[in-house]
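# Examination of the molecular architecture
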Amino acid sequence: MARSNLDILNEEHEKALQGRKNKKDIVEEWRKNNPDGNKYQCTKETGLSKNTVKK
């Protein structure tokens, strides 16, 4: 049902809607902004689980 709603919304808007941001992209962006940061800090600041950050 959610995918069909997303298809309908994509037809109505010029910019494609994709839902949530990929977790990998969130971690990569955090690492780019915090080059000296560690996994613990990333977990605290992004709100992601430590296993997600570890991957």
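Fair warning: this is a prediction, and the values are worked out from it, not measured in the lab.

## Thoughts on the overall build of the protein
Helix and strand content of the protein: 4 helices and 0 strands. Split into buried and exposed, the 55 residues of the protein put 11% on the buried side.

## Brief notes about the environment of Thr-43
Secondary-structure assignment places Thr-43 in helix H3 (residues 39–46). Relative accessible area serves as the criterion here: at 19%, Thr-43 is assigned to the buried category. Setting aside residues up to four positions removed in sequence, Thr-43 forms contacts with Leu-48, Ser-49, Lys-50 and Val-53.

## Digging into the packing of helix H2 (residues 23–33) against H3
Look at H2 against H3: their axes get within 11 Å of each other, and the N-to-C directions meet at 115°. The two elements H2 and H3 cross, and the hand of that crossing is right-handed. Side by side, H2 and H3 meet where Ile-26, Val-27 and Trp-30 of the first sit next to Gln-41, Cys-42, Glu-45 and Thr-46 of the second. In the contact of H2 with H3, the residues fall into 4 nonpolar, 2 polar and 1 charged.

## Side note on the confidence of the model for the protein
With 85% of its residues at a pLDDT of 70 or more, the protein has an overall mean of 85. At the low end of the mean pLDDT range in the protein sits helix H1 (residues 2–12), at 75; at the high end sits H3, at 94.

Scoring rules and cut-offs
Residues numbered from 1 in each chain as written. Predicted model: local features only at pLDDT ≥ 70, side-chain atom pairs only at ≥ 80, totals over all residues. Heavy atoms only, no water. Helix = DSSP H or I, 4+ residues; strand = E, 2+ residues; numbered from the N terminus. Buried < 20%, exposed > 50% of the residue type's maximum accessible area, 1.4 Å probe, protein only. Contact = heavy atoms within 4.5 Å. Axes fitted to C-alpha atoms, helices over the stretch in contact; angles between N-to-C directions. Left-handed = near helix turned anticlockwise from the far one by under 90°. Nonpolar A, V, L, I, M, F, W, Y, C, P; charged D, E, K, R; others polar. pLDDT = per-residue confidence, 0-100.

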